[in-house]
Amino acid sequence: MHDIRWIRDNAAAFDEALRNRQISGDDLARFSSSHLLALDDARRAAIAGAQEAQAKRNALSKEVGQAKAKKDEARAADLMAQVNAIKESLPRLEADEKKAEAELNAILETIPNAPYRAADEDGPPVGADEAGNRERLDHRFGARRIAPSARGAVEPVDGDVALNFEPKEHFELGEAMGGMDFETAAKLSGSRFVVMKQGVARLHRALGQFMLDTHTLEHGYTECNPPLLVTDDVMYGTAQLPKFSEDQFAAIDIVKFSQEISGDLKARQSFEIFALATKHSGLSDKEDHEEYNGALSEWLSALKRAGLKAPKHWLIPTAEVSLTNFVRDAIVSDDQLPMRLTALTPCFRSEAGSAGRDTRGMLRQHQFEKVELVSIVAPEKSREEHERMLWAAENVLKKLGLAFRVMTLCTGDMGFASQKTYDIEVWLPGQKAYREISSCSVCGDFQARRMKAQYRNAAGKMQGYVHTLNGSGVAVGRALIAVMETYQNGDGSVTIPDALRPYMGGVEAIGKAA
């Protein structure tokens, strides 16, 4: 979240950052420094009004005592009347202060992070979407395997390897060898799920273990096994809430909540609407769970109006959420920094807004596994740490022998909490395209302010907020896709990369097309 004091001192730079973020129209006016500072002025006035009233009340109370000491009952009574009038006005003044602060924070918490200024040597390019992203040519790695049908359609580069057979996509390979079952997964859970079996399941497991070992034994990260279910405050800290609630899955204690609201007619009615929509929306067949999410949103809004809160947790969309919040509401010593944390966890995303995209295969799933990298550092170290995190993610792909490139995302394509983001895109021969496999972002103090995560030096002096970074090290399912498509053979089998064979019991290949 942004610091209103920084905005007051750097109004022009803040407004430039909004424009670079491609914010326009009503949002640009609502997020503008002039509007925010007007709200802050109102907040300050409300605080000053309440403080002045309290100070006047204290002064008058003192005068009441003096008047009584002089036996001046008439003056004492007049002064008491003034004290009581102020006392009656204080709740309203305090309410005005809280309202003004809530109005300001309600906007601040929905404004994306300011990118590094484009004028900076390493600032992200200014652009509206992925077309504005810029490749880091010095980070391109590996030989792309090019399908016969792609020759002429794909711009050639030195080192490309021409295949003598037409490569398949991962789901074609997986289904042919009996290792991917999307039909059974749909029966169990709906669209965007998969059941992995046999060699494919083992290869998927091997990839996750290989990545964890690489990051912990070679890259200096501490392995963690965090909770998959987290609270509202945790999701707020890393900026998934409140803006991106529709992208998340909520786990609600239905029995406990139905008991708690049994005496509240409005809440009970809204819950029954939600439950009915859940029961009859055909979730197993409905892309992106639109009806479920709509019913859930309406129900939670009704609860808010009724002043109630559902007892719920959120399924993490990435271990970034759990790991970064290790320092929430904490003051760490600078000798504890940098903290470098990693975890292999399932991740859960509703993929709202992705209808019709990557509907076949494992590329975009509601449930997937990922090795996450999180760093907590002192502010002056965050840019250096960003490059280090990118190196760690790249090293995993280099060990696997996968061809990739690195893109610096433009200001309009970065994530909400990011100041700067590198995407690593791996070459998929079956798709004949580069696809994202890792995203490494530096967030500055944006998340730390939301989490109230600060640090102090050895002398105990407060130094301000820590900086946070997060990255994929890497997405296990997408690495599986890349390995299968890259190392496939003409007979439908997949050769196991050397780095993974110790994790596969020495197996050199899996599968063969029937």
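Residues numbered from 1 in each chain as written. Predicted model: local features only at pLDDT ≥ 70, side-chain atom pairs only at ≥ 80, totals over all residues. Heavy atoms only, no water.

1. Remarks on the overall build of the chain
Here is step 1 of the chain: A tally of regular secondary structure across the chain gives 16 helices and 20 strands.
Here is step 2 of the chain: Looking at the chain as a whole, 48% of its 514 residues qualify as buried.
Here is step 3 of the chain: Contacts in the chain between residues far apart in sequence, at least 24 positions, make up 71% of those at least 6 positions apart. (Helix = DSSP H or I, 4+ residues; strand = E, 2+ residues; numbered from the N terminus. Buried < 20%, exposed > 50% of the residue type's maximum accessible area, 1.4 Å probe, protein only. Contact = heavy atoms within 4.5 Å.)

2. Quick word on the packing of aromatic side chains
Here is step 1 of the chain: By the definition in use, this model includes 5 aromatic pairs.
Here is step 2 of the chain: Ring centres of Phe-244 and Phe-416 lie 5.2 Å apart, and the angle between their planes is 75°; this geometry places the pair in the edge-to-face category. Residue Phe-244 is found in the loop between α9 (232–237) and β8 (249–252), and its partner Phe-416 is found in the loop between β13 (404–408) and β14 (420–428); the two are separated by 172 residues along the sequence.
Here is step 3 of the chain: We classify Phe-244 as partly exposed; its relative accessible area is 26%.
Here is step 4 of the chain: Plain terms: the ring middles of Trp-427 and Tyr-434 are 5.1 Å apart, the flat faces sit at 70° to each other, and that makes the pair edge-to-face.
Here is step 5 of the chain: Overall, Trp-427 belongs to the buried group, its relative accessible area being 4%.
Here is step 6 of the chain: Residue class for Tyr-434 comes out buried when judged on its relative accessible area of 12%. (Phe/Tyr/Trp six-rings, centres within 6.5 Å; stacked < 30°, edge-to-face > 60°.)

3. With respect to the side chain of Thr-214
Here is step 1 of the chain: You can see Thr-214 is positioned in helix α8 (residues 198–217).
Here is step 2 of the chain: Looking at Thr-214, the relative accessible area reads 2%, which means it is buried.
Here is step 3 of the chain: A distance of 2.9 Å separates the side chain of Thr-214 from the backbone oxygen of Phe-210, its partner in a polar contact.
Here is step 4 of the chain: If near-sequence neighbours (up to four positions away) are discounted, Thr-214 is found in contact with His-219, Asn-395, Val-396 and Lys-399. (Polar contact = N/O pair within 3.5 Å; in protein donor to acceptor, adjacent residues only side chain to side chain.)

4. A closer look at the packing of α8 against helix α14 (residues 382–400)
Here is step 1 of the chain: Interhelical geometry of α8 versus α14 gives an angle of 130° and a closest axis separation of 10 Å. The pairing of α8 with α14 is recorded here as oblique in orientation. Two packed elements cross with a definite hand, and for α8 against α14 that hand is right-handed. Here Leu-207, Phe-210, Met-211, Thr-214 and His-215 of α8 come into contact with α14, specifically with Ala-392, Ala-393, Asn-395, Val-396, Lys-399 and Leu-400.
Here is step 2 of the chain: Of the residues contributing to the contact of α8 with α14, the split by class is 7 nonpolar, 3 polar and 1 charged. (Axes fitted to C-alpha atoms, helices over the stretch in contact; angles between N-to-C directions. Parallel < 35°, antiparallel > 145°, perpendicular 65-115°, else oblique. Left-handed = near helix turned anticlockwise from the far one by under 90°. Nonpolar A, V, L, I, M, F, W, Y, C, P; charged D, E, K, R; others polar.)

5. Details of the confidence of the model for the chain
Here is step 1 of the chain: When pLDDT is averaged along the chain, the result is 88; 86% of the residues meet or exceed 70.
Here is step 2 of the chain: Low pLDDT, under 50, characterises residues 280–288; the stretch is placed with 21 contacts to residues that sit more than four places away or in other chains. (pLDDT = per-residue confidence, 0-100.)

6. Some thoughts on the pattern of salt bridges
Side-chain pairs of opposite charge can arise where the charged atoms are in close proximity.
Here is step 1 of the chain: A complete count under the given rule lists 22 salt bridges for this structure.
Here is step 2 of the chain: Note that Arg-43 and Asp-40 form a salt bridge whose closest N and O atoms lie 2.8 Å from each other. Taken together, the positions of Arg-43 and Asp-40, both in helix α4 (residues 33–69) and 3 residues apart, correspond to about one turn of that helix. Note on accessibility: Arg-43 and Asp-40 belong to one class, buried.
Here is step 3 of the chain: Across the pair Arg-405 and Glu-425 runs a salt bridge, and its minimum N-O distance is 2.8 Å. Placement of the pair is Arg-405 in strand β13 and Glu-425 in strand β14, with a sequence separation of 20 residues.
Here is step 4 of the chain: Here Arg-405 falls in the partly exposed class, since its relative accessible area comes to 21%.
Here is step 5 of the chain: One network of salt bridges, with partners in common, ties together Arg-8, Asp-40, Asp-41, Arg-43 and Arg-44. (Salt bridge = Lys/Arg side-chain N within 4 Å of Asp/Glu carboxyl O.)

7. Brief notes about the sheet that holds strand β16 (residues 454–456)
Here is step 1 of the chain: Strand order in the open sheet formed by 3 strands is β10-β16-β17, and the pairing between neighbours is mixed. Strands at the two margins of the open sheet, each flanked by one partner only, are β10 (331–333) and β17 (462–465). With direction set aside, neighbouring strand axes in the sheet form an average angle of 30°.
Here is step 2 of the chain: Relative to β16, β10 is paired through 3 bridges, and the arrangement is parallel. Residue pairing for β16: Ile-331 is matched across the bridge by Gln-454. (Pairing = 2+ DSSP bridges.)

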